[in-house]
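Per-entry structural report
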2 protein chains.
Amino acid sequence: MTSLSNLNPGSSARPTMRQVAELAGVAVKTVSRVINGEPNVAPETARRVLDAARSLDYQPDLHAGNLRRSDRRTRTLGLLVSSVDNPFAGAVHRAIEDAAVGRGVAVFASSLDDDPDREREAVAAFLRRRVDGLILTTASENQAYLEPELRRGTPIVFIDREPSGIEADAVASDNFGGAARAAEHLLARGHRRFAYLGDLHSIQTARERRRGFLEALGHGGVPVDDVAVIEDLHDSERAREALLRLLDGPNPPTAVFSSQNLVTVGALHALRRRGRHRDTALVGFDDVELADLLEPGVTVMAQHPEDLGRTAAERVFARLDGDTSPPRRVVVSTTLITRGSGEIPPPPGQSTRP
Amino acid sequence: MTSLSNLNPGSSARPTMRQVAELAGVAVKTVSRVINGEPNVAPETARRVLDAARSLDYQPDLHAGNLRRSDRRTRTLGLLVSSVDNPFAGAVHRAIEDAAVGRGVAVFASSLDDDPDREREAVAAFLRRRVDGLILTTASENQAYLEPELRRGTPIVFIDREPSGIEADAVASDNFGGAARAAEHLLARGHRRFAYLGDLHSIQTARERRRGFLEALGHGGVPVDDVAVIEDLHDSERAREALLRLLDGPNPPTAVFSSQNLVTVGALHALRRRGRHRDTALVGFDDVELADLLEPGVTVMAQHPEDLGRTAAERVFARLDGDTSPPRRVVVSTTLITRGSGEIPPPPGQSTRP
DNA sequence: GATAATCCTGACATCGTTGTCAACGGGCAG
DNA sequence: CTGCCCGTTGACAACGATGTCAGGATTATC
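Per chain, residues are indexed from 1 in the order of the written sequence. Note on labels: chains are lettered from A, ligands numbered from 1, in written order. Where totals are concerned, whole chains, interfaces and linings use all residues; where local detail is concerned, this predicted model gives features only for residues with pLDDT of at least 70, and gives and counts side-chain atom pairs only at 80 or more. In computing side-chain values, all of the structure's heavy atoms are included and hydrogens and water are not.

**Focus on the relation of the copies chain A and chain B**
Think of it as a corkscrew move, a rotation about one axis and a shift along it, taking one chain copy to the other. A least-squares superposition brings the copies together, and it is based on the C-alpha atoms of residues with pLDDT no lower than 70 in both. Rotating chain A by 180° about the axis while translating it 0.0 Å along that axis superimposes it on chain B, leaving an RMSD of 0.0 Å. In symmetry terms, the pair is related by a two-fold rotation axis. In this assembly the copies share their binding face: 98% of the residues contributing to the interface of chain A also contribute to that of chain B. Note on definitions: a residue-residue contact is assigned when non-hydrogen atoms from the two residues lie within 4.5 Å.

Listed below in structure tokens is the structure:
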């Protein structure tokens, strides 16, 4: 009874090459050749195999093949972002996907919420699945734990954050320069009382922006002690509360810098709530949807997430294609978009320098 | 020379269980037991194995194991959305990821731009990777091609679109009812001249919204012929142009319904450009970031993408856990958020019904 | 017509892991 | 002391595919 192969019709088992081979009356290896478009198969044989494959709805098992294949490529990429829900990360993700899809590469994405523990787990989950490369918005202080993997030849590209404790490719915005330019923009309007609303201090990018902003203010003659620096604002709600407290305080800022998109949203809410949106200057880092339709429009240092994503993907694929040049750090410049909020001057009597 | 196993120190080759076994002085199967936490391993042996694994930076190959394992689970999910760049899709994605991560399941996401060809390719790419389940925002007219896969036991859940040509689980917003309620909301303010700005007619969801909107207008005594129905607006630029043409036309609408977030953004731009944002009513389907800070605030029929994503993931996991009940259609209701733009009355003299 | 080159095909080992089964050794009951 | 049980361990086959190699058929070459 069981000596014949399992040919029960309509069987719901997933067909394998063996079954396609049986149905087509050829050897498994011949099916493999046809499926992979290898040369030297008689057209008539190929047709029979394709017919059989189609009639069984056969889908090759990429991972089984990969196990034996010499190139050992899963055609899979792992992407770590703060959250797939964040518009910036979404744009990065899309650009990477666009670069990958043409090569038949699928993308895993994982949200970290900038939690170092989740980073380790997510990286391990990717490596267990043998991704061909990693693109990481890292959340950890130090990524030396990736060293062995890097030595094994897995391309690792850091995006939106510089690596630390490891030499690897990186693609990031000009955080320092962009934040500095934002500061200069506000200084030029005559502001002297600033607030800096920053993301988690543990995030390298956030520290760069802070440094850029404060150094530029220093060059403009504003002592750091006069700047209200508030950090660790990781979502819009916290940012809103923080700015509300400042606005209600004894010496509210005349100009506000918000260091990322969620913080900008929170700041906008706070200003609106206190009716201060027309007399308090605001520049945000990273662009925000509908920023141009608000009144006043929101001035931002726009990043170019598509460029970041595309460039990071190109780096990964270049490495996979054999590029063994030293790690490269690509800096993508930012663009100041003036829409009104950043051009608000300080109230009269407070604009002149001492 | 080659009789000894490859033990060159610092070798950059990826370690396998065999190498861990050699280093620990045990059989491969024992390593497997330790790595998978199977019982009946002497503590001392387990320690030696773990030490060896750690010192080699060993990561098990999930796919090799899966090949032999009886449950045949890759712990991987495939998600198809219109674009990972779209805020709605991002929220759905995040909710699915949150449900999956606890089970050790990783998520592939693919953007379709609502192109049926890309759908077929992306599904094939997922199936070749043997995802455990599919969550699809389908772009095709008919998904009967998934029938064999469904029979094989792969859970397939449609999200944000109803399946056609196949019986499968589906989770979607109340598109018809939500759009109808938007129409009623505008009718109640006395509007009689409407514009409907719709997404691609090929999208089932878009057709439902159109049907809901127009039927409700019909019940309100507004003949369909009096409604400016413009469809196939797939991005904000096209939506902006379309509404600009209407506003510049002989008989501009006093109330506008935009059928998804990108269209809403385009409509907002058009109204603003013509300075009509304070006297033309607007209700959008799907919420938009910062909608509450615009003047007037943007009234929307908010969807609940987190609920959609979470519910879809729950359906997939329930199926994987053995639920064989008939396919279920889950409808997630929508929520009207009044912020001003939808409460604008028609200009005097046009508000009364004939 | 003989020989070589080429095309087509299949048998077999193998990739890294797990399921099965059997063997070994020590503890314990009879 | 014998026999049984159980905890521990490893040998081996197998998962679904591809690389290697060899053999038979066909065609080209002299």
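From this point on, the discussion continues.
**Describing the protein's contact with DNA strand C**
The environment of DNA strand C is formed by 27 residues, the closest being T45 and R68 of chain A together with M17, S32 and Y58 of chain B. Throughout this document, a residue counts as near a molecule or strand when at least one of its heavy atoms sits within 4 Å of that molecule or strand. Of all atoms in DNA strand C that approach within 4 Å of the protein, 62% are sugar or phosphate atoms. In the model, a phosphate oxygen of DNA strand C is placed 3.0 Å from a nitrogen or oxygen of the A42 of chain A main chain. Polar contacts, as counted here, are pairs of nitrogen or oxygen atoms within 3.5 Å of one another; within protein the pair requires one atom able to donate a hydrogen and one able to accept it, and residues that are adjacent in sequence qualify only if both atoms are side-chain atoms. One of the side-chain N or O atoms of Y58 of chain B is found 2.5 Å from a phosphate oxygen in DNA strand C. Where helices and strands are cited, they refer to DSSP runs of H or I of at least four residues and of E of at least two residues respectively, numbered from the N terminus. Those elements that place two or more of their residues in the surface near DNA strand C are α2 (28-35) and α4 (62-68) of chain A together with α2 (28-35) and α4 (62-68) of chain B. Each residue belonging to the surface near DNA strand C can be placed in one class, and the counts come to eleven nonpolar, eight polar and eight charged. Note that Gly is not counted as nonpolar here; it falls among the polar residues with everything else outside the nonpolar set of Ala, Val, Leu, Ile, Met, Phe, Trp, Tyr, Cys and Pro and the charged set of Asp, Glu, Lys and Arg.

**Re the sheet that holds strand β10 (residues 299-302) of chain A**
Residue and element names in this part refer to chain A. The criterion for strand pairing is that DSSP finds at least two bridges linking the strands in question. Taken in spatial order, the six strands line up as β7-β6-β8-β9-β10-β12 in an open sheet, and their pairing is mixed. Each of the sheet's edge strands pairs with one partner strand only, and the pair in question is β7 (228-230) and β12 (335-337). Shown here is a sheet whose adjacent strand axes are inclined to one another by a mean of 15°, direction ignored. Bridge count between β10 and β12: three bridges; the pairing is antiparallel. Directly across from M301, in β12, lies its bridge partner L336. Lines fitted to C-alpha atoms define the axes, with helix axes restricted to the stretch in contact, and inter-axis angles between N-to-C directions lie between 0 and 180 degrees.

**Side note on the pattern of salt bridges**
All names here are of chain A. Salt bridge, as used here, is a side-chain nitrogen of Lys or Arg placed within 4 Å of a carboxyl oxygen of Asp or Glu. For the structure on display, the rule yields 70 salt bridges over all chains. Taking the shortest distance from any N to any O, the salt bridge between D169 and R319 comes out at 2.7 Å. On the criterion of sequence distance, the pair formed by D169 in strand β5 (residues 169-173) and R319 in helix α12 (residues 305-320) is long-range, its members being 150 residues apart. Of the two residues, D169 and R319, neither departs from the other in class, the shared state being buried. Ionic contacts of the salt-bridge type, sharing partners, join the residues E44, R47, R48, D51 and R54 into one network. For each residue, the accessible area found with a 1.4 Å probe, counting protein chains only, is set against the maximum for its type, and the residue is called buried under 20%, exposed over 50%, and partly exposed in between.

**So, the protein's contact with DNA strand D**
Lining the immediate environment of DNA strand D, one finds 27 residues, of which M17 and S32 of chain A together with T30, T45 and R68 of chain B sit closest. Between A64 of chain A and DNA strand D, the recorded distance is 3.0 Å, taken from a backbone N or O atom to a base nitrogen. Within the side chain of R68 of chain B, one N or O atom sits 2.5 Å away from a base nitrogen of DNA strand D. When contributions to the surface near DNA strand D are tallied by element, the ones reaching two or more residues are α2 and α4 of chain A together with α2 and α4 of chain B. With four residues, α4 of chain A is the largest single contributor of residues to the surface near DNA strand D. When the residues that make up the surface near DNA strand D are grouped by side-chain class, the tally is eleven nonpolar, eight polar and eight charged.

**Section: the sheet that holds strand β6 (residues 194-197) of chain B**
All names here are of chain B. Here six strands make up an open sheet; going across it, the order is β7-β6-β8-β9-β10-β12 and the pairing mixed. For this open sheet the edge positions go to β7 (228-230) and β12 (335-337), each flanked by a neighbour on one side alone. Neighbour-to-neighbour, the strand axes of the sheet open up by a mean angle of 15°, direction not taken into account. Examined bridge by bridge, β6 and β7 share three bridges and lie parallel to one another. The partner of L197 across the bridge, within β7, is I230. Helix-sheet contacts for helix α8 (residues 175-188) involve β6, β8 (255-258), β9 (281-285), β10 (299-302) and β12, and the interaxial angle to β9 is about 170°.

**Structural notes on the packing of aromatic side chains**
Here a pair means two rings of Phe, Tyr or Trp (six-membered ring of Trp) with centres within 6.5 Å. Their orientation is stacked below 30 degrees between planes, edge-to-face above 60, and tilted elsewhere. Scanning the entire structure with this criterion turns up 13 aromatic pairs over all chains. Pairing F194 of chain B with F213 of chain B gives two aromatic rings, centres 6.1 Å apart and planes at 80°, and the pair type is edge-to-face. Residue F194 of chain B is located in strand β6, and its partner F213 of chain B is located in helix α9 (residues 204-219); the two are separated by 19 residues in the primary sequence. Taken together, F194, Y196, F213, F257 and F285 of chain A form an aromatic cluster joined through their ring pairs. Two conditions define a charge located above a ring, namely a distance within 6 Å from the ring centre to NZ of Lys or CZ of Arg, and an angle within 35 degrees of the ring normal. We note R129 of chain B situated over the ring of F108 of chain B; from NZ or CZ to the ring centre the distance is 5.9 Å.

**Observations regarding the pairing of strand β5 (residues 169-173) of chain B**
All names here are of chain B. Extensive coverage of β5 is indicated by the burial of five of its five residues. Residues D169, V171 and S173 point to one face of β5 and A170 and A172 to the other, with burial holding for every one of them. Looking at chain direction, strand β4 (residues 156-159) and β5 are connected through three bridges and run parallel. Pairing of I159 across the sheet is with V171, part of β5.

**Overview of the confidence of the model for chain A**
Known as pLDDT, the predictor's confidence for each residue is given on a scale from 0 to 100. Put simply, chain A has an average pLDDT of 94, and 95% of its residues get 70 or more. Between residues 1-11 of chain A, whose pLDDT stays under 50, and residues either more than four places distant or in other chains, the model counts four contacts.

**Considering the interface of chain A and chain B**
Taken together, the contact pairs 61 residues of chain A with 60 residues of chain B. Of the roughly 5,400 Å² buried between chain A and chain B, counting both surfaces, carbon and sulfur atoms make up 51%. Per-residue buried area on chain A facing chain B is highest for R129, R130 and R152 of chain A; these three make up 13% of the total on that side. A salt bridge links D113 of chain B to R94 of chain A, with the nearest nitrogen and oxygen atoms 2.7 Å apart. Summed over the shared surface of chain A and chain B, the result is 38 residue pairs in polar contact (both at pLDDT 80 or more). By definition, the buried area sums, over both parts, the 1.4 Å-probe accessible area that each loses when the two are put together.

**Description of helix α1 (residues 17-24) of chain A**
Residues and elements named next belong to chain A. When we look at burial in α1, the residues that qualify are M17, V20, A21 and A24. Projected down its long axis, α1 shows its buried positions confined to an angular sector of 100°, all on one face. What points out from α1, more than 90 degrees from its buried face, is the exposed set R18 and L23. Tucked into the core, α1 has its buried residues touching α2 and α3 (43-56). The positive-phi residue at the C-terminal boundary of α1 is G25, with phi of around 70°. Taken from the helix axis, the directions to the C-beta atoms give the arc we talk about.

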